[in-house]
Structure formats: C-alpha cells, structure tokens
Amino acid sequence: MHVNGNLSFIAFGGAQGAMRIISLDDREIAVTLTGGLDPVLAIKYHPNSQKLAFGTASGRIVIADRVHSAVISDFKATNGPVWGLAFLSHTASLVFAGLED
Amino acid sequence: MLASVSFDWSVVPWDSPDFHEKYRLFGHNAPVVTAAFLPNGRFLATGGDDFLALIWDMTAIRAGADPASIARFAHQRKISHLSISADSAMLAIASWDGGLQIWSLDTMTPITKFRRHIGPVQATQFVENGAQIISAGRDGHIRRWNLKEKHYVQSLVENG
C-alpha cells in the first residue's frame, strides 16, 4: 500500500495479483490493473508525478500511469521476488530490492 | 539518499549519486524488513523481525561517531512496516501483533495504539498532514484512523 504525494489516492496490491488505486476521499476505485496471479509485494509512487510502480513475487515490475489508467511498462526485473521499490527524484531512475539466488 | 535493509540483519545507507557503501549498521538481532528516513534526513528509522524499531543518527554516523542506534522501540511481535509523519514528530509502526502503534519522536514515548485489524498489520502511512493515518492488514482491510481524536474512522477497502 502506498499513498501518492498529494495524499489523495491509495495504491494497493493483492495476494492474487490485482493492482488497484482508490480515491481516499470517496473510496471509489480509480484504477484496476490485472496482471495475472502474481502476488504484489511492493508499491511506490513517483514523488513528482502520477506514475507508480508495482513489484511482484515473481520478479516483475509494472509501471503504471494513474491518470490514464494505463500500464507504461511491464518487465521481468529479477528472478526472485521484488521486496522494495524507490524512485530517485533527482533522476529518472527506479531502484528495486529483490531476492535472487 | 537511500537505505536498504536485509535478511543478514544489516542496514546500509547509500549516499547518492555514487551509491557506494560507506557504512553498514548493525543493531537488529534478526532480519530487517523496513526503513524510512525522517523528512529532515538526519535520522533513519528501521524495523525488523526482532520486534524492534531503531533510530539512527545519520549525521553523527557520517561524522565518524559510533554507528549505533540512538533509540529503540520494543514491540510484541515482528514489525512489518513503519512510517514517519511529515513534521517528523511521529513514528507509526505496523506489527504482526495486530496493532498500529504511534510513537512521539520528540519524547520517544507512545502516543496511542490502534487495534481493529484481525491478524498482522502490513503497512501504514500518515495522511491529511498527519491528522489521520491509514493501515493495511492481512485481513484485507485498509483502515483509516483519526490521530487527533485517537479513534477509528472507517474501512477504505474491505477485500484487498
């Protein structure tokens, strides 16, 4: 679960792979992304935009745009689970922490 | 600034832009699972499977001081996530004990503890400029709490 910078939208993921964003004001679902049955382990909003990243148990990272309800990028980042994500605000970089044997 | 936490019980702060490991912080007695910098960047909070949250003074460590934690908060079960209020006054700790504990970082004393989730609390974040806080639990709920009046507000999500 992560709330975006202006604190109005909560992103969360489920054990069955659903990635959702709801409005904190009215609790309405703003975005639902279905990415299979891959549990979501990490979520992080970009600090200066409406983009966010989801990390999954199988090593996928999904970058989505909340405003356009669109997946920008969906790629295999590592062979193990993605435990953590961080956007570096001074660059266009995304850092992830994972477990890879 | 970035910090990584590990199953090897260590915490590594990474200074950008080179991201070289300059310090490795030991203080937890089990895997470390969560970390957050205070907004002022001076302090780092970490939490782990040893039921502890530790506070590290990064300014002192960078100046060559002993890389030991300066404060610790003990819980009854594993700590799964922690969050810092925007004014750096409060630390929220989500725990497998089913509670959401709020600590004062000014006095290092507990402010309140919220209980409503069934089972572990997995994540937490301050909202509404620190007037409220939300928590996500393994019970599928994302819950909202009023910090000023210290009461439960509502479930935002019931089947997450």
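Rules used throughout
Residues numbered from 1 in each chain as written. Chains lettered and ligands numbered in written order. Predicted model: local features only at pLDDT ≥ 70, side-chain atom pairs only at ≥ 80, totals over all residues. Pairing = 2+ DSSP bridges. Helix = DSSP H or I, 4+ residues; strand = E, 2+ residues; numbered from the N terminus. Axes fitted to C-alpha atoms, helices over the stretch in contact; angles between N-to-C directions.

Engineer: With reference to specific residues and values, describe the pairing of strand β7 (residues 52–57) of chain B.
Structural biologist: Residues and elements named next belong to chain B. As defined by bridge partners, strand β6 (residues 43–48) adjoins β7 across five bridges and the pair is classed as antiparallel. The partner of Phe43 across the bridge, within β7, is Asp57. Linkage of β6 to β7, two consecutive antiparallel strands, is achieved through a turn of three residues, within which Phe51 is found at a positive phi near 70 degrees. Note: β7 against strand β8 (residues 71–74), four bridges, orientation antiparallel. Bridging across to β8, Leu52 finds its partner in Ala74.

Engineer: So, the sheet that holds strand β5 (residues 32–37) of chain B: which residues are in play, and what are the values?
Structural biologist: Residue and element names in this part refer to chain B. Spatially, four strands are ordered β5-β6-β7-β8 in an open sheet, and the strand pairing comes out antiparallel. Among the strands making up the open sheet, the edge pair consists of β5 and β8. Put simply, the sheet's adjacent strands are angled 20 degrees from each other on average, direction ignored.

Engineer: I'd love a proper account of the pairing of strand β7 (residues 60–65) of chain A, names of residues and values included.
Structural biologist: Residues and elements named next belong to chain A. Where strand β6 (residues 51–56) and β7 come together, five bridges link them in antiparallel fashion. In the strand pairing of β7, Leu52 is matched with Ala64. Connecting β6 to the antiparallel partner β7 that follows it, the hairpin turn spans three residues, and Gly59 within it adopts a positive phi of roughly 95 degrees.

Engineer: Residues and numbers for the sheet that holds β6(A), please.
Structural biologist: Adjacent strands of a sheet form backbone hydrogen bonds with each other and so pair up, either parallel or antiparallel. Residue and element names in this part refer to chain A. The four strands lie next to each other as β5-β6-β7-β8, forming an open sheet whose pairing is antiparallel. Two strands in the sheet have a free side with no partner beyond their single neighbour: β5 (40–45) and β8 (70–76). Averaged over all pairs of adjacent strands, the angle between strand axes in this sheet comes to 15 degrees, irrespective of strand direction. As judged from the six bridges shared by β7 and β8, these two strands associate in the antiparallel manner. Each bridged residue has a counterpart across the sheet, and for Val62 the counterpart in β8 is Asp74.

Engineer: Before we move on, could you go through unusual backbone geometry and cite the residues and values that matter?
Structural biologist: All names here are of chain B. Even without being a glycine, Glu128 presents a positive backbone phi close to 55 degrees. Tracing the chain through its elements places Glu128 in the loop between β13 (121–127) and β14 (132–137). A positive phi is found at Lys150, a non-glycine position, where the angle reads about 55 degrees. For Lys150, the location among the structural elements is in the loop between β15 (142–146) and β16 (151–157).

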